[in-house]
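Secondary and tertiary structure notes
The chain contents come next:
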2 protein chains.
Amino acid sequence: MDTTILERVCASIVPLDSALLDQARERLNRLTKPIGSLGRLETLAAQYVAMTGELMPPIPASLVVVMAADHGIAAEGVSAYPACVTRQMVQNFLRGGAAITVLARRVGATLWVVDMGVAAELGDPPGLITNKIGPGTKNFRYQPAMTRTQALAAIESGIALAQKAWEQGARLLAIGEMGIGNTTASAAIAAAMTGQPVREVTGHGTGIDAGTWERKVQLIEQALQRHRPDPRDPIDILGKVGGFEIGGLAGVILGAAARRMPVVLDGFITGASALLAVGFNPSCRAYLFASHRSVERGHEVILRHLDLDPLLDLDLRLGEGTGACLAINLIQAAIALYTGMATFDEAGVDGPVDSTMTSSFDS
Amino acid sequence: MDTTILERVCASIVPLDSALLDQARERLNRLTKPIGSLGRLETLAAQYVAMTGELMPPIPASLVVVMAADHGIAAEGVSAYPACVTRQMVQNFLRGGAAITVLARRVGATLWVVDMGVAAELGDPPGLITNKIGPGTKNFRYQPAMTRTQALAAIESGIALAQKAWEQGARLLAIGEMGIGNTTASAAIAAAMTGQPVREVTGHGTGIDAGTWERKVQLIEQALQRHRPDPRDPIDILGKVGGFEIGGLAGVILGAAARRMPVVLDGFITGASALLAVGFNPSCRAYLFASHRSVERGHEVILRHLDLDPLLDLDLRLGEGTGACLAINLIQAAIALYTGMATFDEAGVDGPVDSTMTSSFDS
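Since we're looking at a predicted model, the values are computed, not measured. (Residues numbered from 1 in each chain as written. Chains lettered and ligands numbered in written order. Predicted model: local features only at pLDDT ≥ 70, side-chain atom pairs only at ≥ 80, totals over all residues. Heavy atoms only, no water.)

**Observations concerning the overall build of chain A**
Summing up its helical and strand segments, chain A has 15 helices and six strands in all. The principal-axis extents of the C-alpha atoms in chain A amount to approximately 70 × 40 × 40 Å. Here chain A holds 363 residues, and the buried ones make up 65% of them. Considering only contacts within chain A whose residues lie at least 6 apart along the sequence, 76% involve residues at least 24 apart. Here chain A has roughly 12,000 Å² of accessible surface; of this, 49% comes from carbon and sulfur atoms. Charge separation in chain A, taken as the distance between the mean sites of 30 positive and 36 negative side-chain charges, equals 5 Å. (Helix = DSSP H or I, 4+ residues; strand = E, 2+ residues; numbered from the N terminus. Buried < 20%, exposed > 50% of the residue type's maximum accessible area, 1.4 Å probe, protein only. Contact = heavy atoms within 4.5 Å. Areas by Shrake-Rupley, 256 points an atom, 1.4 Å probe, with all protein chains shown as cover. Lys, Arg positive; Asp, Glu negative; His and termini not counted. Charge placed at Lys NZ, Arg CZ, Asp CG, Glu CD.)

**Quick notes on the domain arrangement of chain A**
One widely used convention gives an interface's size as the accessible area the parts lose upon coming together. Residues and elements named next belong to chain A. In terms of domains, chain A is made up of domain 1 (3-57 + 338-347) and domain 2 (62-332). For domain 1 versus domain 2, the distance between C-alpha centres works out to 28 Å. Taken together, the contacts link 20 residues of domain 1 with 26 residues of domain 2. Interface area for domain 1 against domain 2, summed over the two sides, is near 2,000 Å², with a carbon-plus-sulfur share of 68%. Interface area lost by domain 1 to domain 2 is led by L6, I13 and M51, which between them contribute 32%. One can count one salt bridge joining domain 1 with domain 2. (Domains from an automatic or database assignment. Buried area = accessible area lost by both parts, 1.4 Å probe. Salt bridge = Lys/Arg side-chain N within 4 Å of Asp/Glu carboxyl O.)

**What about helix α11 (residues 244-258) of chain A?**
Residue and element names in this part refer to chain A. The terminal C-alpha atoms of α11 lie 21 Å apart, and with 15 residues this matches the ideal 21 Å at 1.5 Å per residue to within 8%. Counting buried positions over the 15 residues of α11 gives 14, a clear majority of the element. Directly beyond the C-terminal end of α11, a positive phi value near 55 degrees is found at R260. (Expected span 1.5 Å × (residues − 1).)

**Let's talk about the pattern of salt bridges**
Residues and elements named next belong to chain B. The final tally for this structure, using the stated rule, is 28 salt bridges over all chains. A salt bridge links E76 to R141; the nearest nitrogen and oxygen atoms lie 2.7 Å apart. Note that E76 is positioned in the loop between β1 (62-69) and α4 (84-95) and R141 in the loop between β3 (128-130) and α6 (148-167), a separation of 65 residues in sequence. Owing to a relative accessible area of 16%, E76 belongs among the buried residues under this scheme. Take R141: its relative accessible area is 33%, and that puts it in the partly exposed class.

**Structural notes on unusual backbone geometry**
Both trends apply: most residues other than glycine have a negative phi, and most peptide bonds are in trans. You will see that A:D307, though not glycine, has its phi angle at about 55 degrees, which is positive. Position of A:D307 relative to the elements: it lies in the loop between α13 (299-306) and α14 (322-340). Since its relative accessible area comes to 59%, A:D307 is described here as exposed. If you check the backbone angles, B:R260 has positive phi at about 60 degrees while not being a glycine. Looking at where B:R260 falls in the secondary structure, it is placed in the loop between α11 (244-258) and β5 (263-265).

**Some details on the relation of the copies chain B and chain A**
The operation relating the pair of chain copies consists of a rotation about an axis and a translation along that axis. Expressed as a screw operation, the relation of chain B to chain A combines 0.0 Å of axial shift with a rotation of 180 degrees, fitting to an RMSD of 0.0 Å. Between the two chains, the operation in question is that of a two-fold axis. Considering only C-alpha atoms, the residue of chain B closest to the rotation axis is B:L312, which sits at 3.3 Å. A symmetric contact is evident, with 100% of the interface residues of chain B recurring at the interface of chain A. (Least-squares fit on C-alpha atoms with pLDDT ≥ 70 in both.)

Structure, rendered in structure tokens:
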């Protein structure tokens, strides 16, 4: 039974603990601040409590999983950069010169760089996890990007990685990716999973000119017509138009949700992974935080489909997990406030004069 | 000559170094990422360089200055909380149970709590800086909030504090406040400085009911008619309808700008301080970062007047410097990326295939 691990993990994902959500909100209302005045930080803290099942959680140790892979579709000239940049950037991650390396260090997060299918031998450099499903996908203009077996292997390798992260003490995951051509694969997945028109989910303003963008849209439309992926079967979609890193990250989401470990999404590509994961089991959505609103066009469509409201809006469009890493700070701050602030009783601070007016010290 | 220190500080504020701004942008374009893909983090880093005059600055040591004072206008019932909460919250800051204490600790910032005029003897608890200008302001419904001498003293004490922060190694200031009644004073200042109608700058949805809000608006309108503060004279405005902590923070901004030390604003009240500071010398605006968009109604008017675009939008309305403290993380991350990332040359990463398409690895 090929799907046993995946099925078992999906079956073990539980809904949020709504009783704990209420208890967390009740504590938030007793802290020395006007009710609700910490805005979305209060929501974040309560969600984290309900996700993890711990009423007074420690500040979570965080881990960033960046998965990299190459894409056959890159041969069609849909990217501004040559395909060799995937390999070069993985090496840059490992040497510490990339944006995600700098940010992970600043936020005190462990960084795992995973080769899910870079089209080059990377050897065994320190810090690299090699889960290579293949030497890049096939060009899905002409054939399925990968076999069904490979798609399942990519997902299950992500599930195993999330479990390993949990065992090593991580309690908050951020995910990111690197792969020349992967917005094309992600747009195809987003169109197939959401039913939105390809041009609504395909990035435009991010560096390719209008002509290249039109060709990218047509390539995706033709591929979807050719392969007809089944919208109720995420493995079919991943296999036909996806990527190894996208499948791997879908597995990370499922594996984390099964452990009640929250996952911070980055931008468009990690959003496509989340669409796949939610396609397997909608309950995993409750374990996701959206870190930022990317400039990439289709990201908004994905966020709407997932019903997630991003924390940051900083015009980022780099990927790698950079936005997710920035959001770790906010989530940890929210938990620190929730567990570290004094209550009105503890601090001996008076409440509002009139209990119907409870929301600002200053007004 | 009463105004000598203030005048000297104002005269020593220099415009941003535009040559350094260009050099910083040029470096950002050589880092291993598509040009502009780090969005507002790139702008932040370049601004910080131009503010400080250092092309390769270290991650700045940060310091949060929270000033507290009482307000005579609170006797009119314009706040949801009793006036004694100012004192109680200052004690909560010092004991570590308040939101700003928790956040300052998380971000590794030094926290200075300053009594600018709390209407109670606080004694000499560890961590409190006592710069008491008076035991709270007068009720500006009937008389000026403070004398011109007090207004000047508040500002100059803030200037001195910024200089002390610099001498002790701080290179990035965040400012916050506590004072029951201080959104009323801030709304009066905002109306006087910007010329906007009082009801456009007066908070509404933050906990007082519609009737209390109407009374708050009328009180401010009547006070402005009675005292007729001169919009070209920030000392006059501060003296007639301001607050000790608001004047002190205006001084902190001026003193920091004179040292080329950036200041991160918090919400509405620190925004009113910035209006005053910019009234003394418009050049100090270049040293300000807006941390977040507050729920408080008049904040948007202030941000527009200052031409500042906030970094965060998290529905915060607590004050204390909480939003500013969160933004310290983003500013430090931006500088870490700017100085810590490898360039394309250093990392041996290829640039775009076609140099007209330079803005995404992934498209």
